[in-house]
Amino acid sequence: MEEALLGIVTTINNYLSNYILIILLLGMGIWFTVRTKAIQFRCFGEGWRRVFGNFSLRGGNQGGGMTSFQALSTAIAAQVGTGNIVGACGAIIVGGPGAIFWMWIIALLGMATNYAEAVMAQKTRVVDEDGTVHGGPVYYITTAFKGKGGKFLAGFFAVAIILALGFMGCMVQSNSIAETMNTAFGIPTWVMGLIVVILAGTVFIGGVSRLAAVTEKIVPIMAVLYVLGSLVVLIMNAANIPATFALIFQCAFNPDATVGGATFGIIAAISQGAKRGLFSNEAGMGSTPHAHALAEVRDPHEQGVVAMIGVFVDTIIVVTMTALVVLSVLYVGDGTLATGDYATLTAETITKTNIAQLAFGQFFGANVGAWFVAICLLFFAFSTILSWNLFAKLNVEWLFGKKAVLPFTIIALAFIFMGSLLSNDLVWELADMFNQLMVIPNAIALFALSGAALAYNIWTADSGDVAVSISDLVDQMRDGDIAVGAHAGESSAQTEETADTDMTSESESPETTPRALLPPVVRREEG
């Protein structure tokens, strides 16, 4: 029975990842890049300035929300996981070194998608009377589609993300922690599972403020640790770096490129790079908007440009470090895979789960290399568990109310512990399936709201360029999609004043103004 179910789920995943989601997510990246006039490049500098301007390891308690940096740290904690090491290595082994080039392309396009997600999450978030902030795809999905259709899509997304991230995904992360720590240090898997449960439970009970306080410290530390360790290897192996970049570009465009007697086609490079890239940085998947909705910022655009930096850090920095270390050590010069039988080695000895340890071990020593990768994976996977639990919990509360949060937390902790003991292919495949299914309603809503999302932030801070054409605005205003307050040509100050007026009108007549056009914070009353 289990084998039959595994075969069905695997087939579904193959169709989703190889066809539907690549087209959908690539389409979103191109669409928002064009519609925003390449905001990921125009506002790249602004994004970094806002990150460092808000940088603090002691952001403090923000009530029911987070600082902009805390929200970014929580998003990066979800994005930077085991996939940044294992996933990148898998893309290289199957698709060849050229897959890394296409991961870069996917990330650059995904930055525009992540901008749109963060802006919509900010615009449609709600705040309870006690200051608790709620936001995420379910709120902008129900904004895009009213009535039963919108509720169905939002409910579908909520169930998918609860199963994918709250339960099965956390099992996968816990399993990665337990196995790597057991291999590197000999710690029994059940002991490591118990430690993770205790640490995670302590953070879960503390709510959003405690999670924000933890991620704002863990994320910078883990990123710096991994990047520094990688740079040490790259400096010691500097002679192979030019050949490494040459190999990446050669395999990305040359259908006859070979390594160790194995030939990598362009299609394989694009396919693996696209799949691994999309699921590494999570742009368009609907996970990170939950974190960005909680940020206390003056304007949605501000968090949008900060959100883009998360994608950049995940793929262009962390994944690239993994790729350069592995390729420069094992794929070029006298590297094991460059001089040996590639097909035999990757089938019997070198796998996506141990190739990074082998690469680091060439310079740090086998034991130290295994320890370094295990410690980095511990940081990556644990921080991912924390963020994923928050995202799932927000959807549990949306579906069932606050009373369901405690039972969910207890069940989630049980799944985390079970994950440390079990390594089940079916669990991995089910996690992937629900992770991919949640993309569909998120993407549909983003496409539906793209005009309104961009019209709200017509003028960008760096260039003042118009992000959406005047004709588009006129058409949307004529159709009633854009409120009168979102006029083209208004300054930022005028837009803020209009937003205040719109909020007053909303309180007097909640049905007259489209919810997507409201200011970023909308208060709701209990009952």
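Placed above this text is the structure.
The structure contained in this document is the topic of the report that follows. (Residues numbered from 1 in each chain as written. Predicted model: local features only at pLDDT ≥ 70, side-chain atom pairs only at ≥ 80, totals over all residues. Heavy atoms only, no water.)

## Focus: the packing of helix α11 (residues 241-253) against helix α14 (residues 300-331)
Where α11 contacts α14, the axes come no closer than 9 Å and their chain directions differ by 105 degrees. Relative to α14, α11 is oriented roughly perpendicular. Touching I241, T244, F245, L247 and I248 of α11 are L324, L327, S328 and Y331, all from α14. Looking at side-chain class alone, the contact of α11 with α14 contains seven nonpolar, two polar and no charged residues. (Axes fitted to C-alpha atoms, helices over the stretch in contact; angles between N-to-C directions. Helix = DSSP H or I, 4+ residues; strand = E, 2+ residues; numbered from the N terminus. Parallel < 35°, antiparallel > 145°, perpendicular 65-115°, else oblique. Contact = heavy atoms within 4.5 Å. Nonpolar A, V, L, I, M, F, W, Y, C, P; charged D, E, K, R; others polar.)

## A few points about the nonpolar core
Formed by 162 residues in total, the largest nonpolar core has its most connected members in Y226, Y331, I355 and I416. In contact with Y331, other than residues within four places in its own chain, are I92, I93, P97, L247, V259, V326, L337, A338, Y342 and I355. (Core = buried A, V, L, I, M, F, W, Y, C linked by side-chain atoms within 4.5 Å. Buried < 20%, exposed > 50% of the residue type's maximum accessible area, 1.4 Å probe, protein only.)

## Brief notes about the packing of helix α8 (residues 147-185) against helix α9 (residues 189-205)
Packing of α8 against α9 brings their axes to within 9 Å, and their N-to-C directions diverge by 130 degrees. By the angle class used here, α8 and α9 are oblique. Taken as a pair, α8 and α9 cross one another with a handedness that is right-handed. Each of I177, A178, M181 and N182 in α8 lies in contact with α9, whose residues at this interface are T189, M192 and V196. In terms of residue class, the contact of α8 with α9 is built from five nonpolar, two polar and no charged. (Left-handed = near helix turned anticlockwise from the far one by under 90°.)

## Overview of α9
With 17 residues, α9 should cover 24 Å at 1.5 Å per step; its first-to-last C-alpha distance of 24 Å lies within 8% of that length. When we look at burial in α9, the residues that qualify are M192, G193, V196, V197, A200, G201, V203 and F204. Burial along α9 is one-sided: seen end-on, the buried residues are contained in an arc of 160 degrees. Across from the buried face of α9, at angles greater than 90 degrees, the exposed residues are I198 and I205. On its buried side, α9 packs onto α8, α10 (207-236), α18 (366-400) and α19 (405-421). After α9 finishes, the residue G207 shows a positive phi value of roughly 75 degrees. (Expected span 1.5 Å × (residues − 1). Arc of directions from axis to C-beta.)

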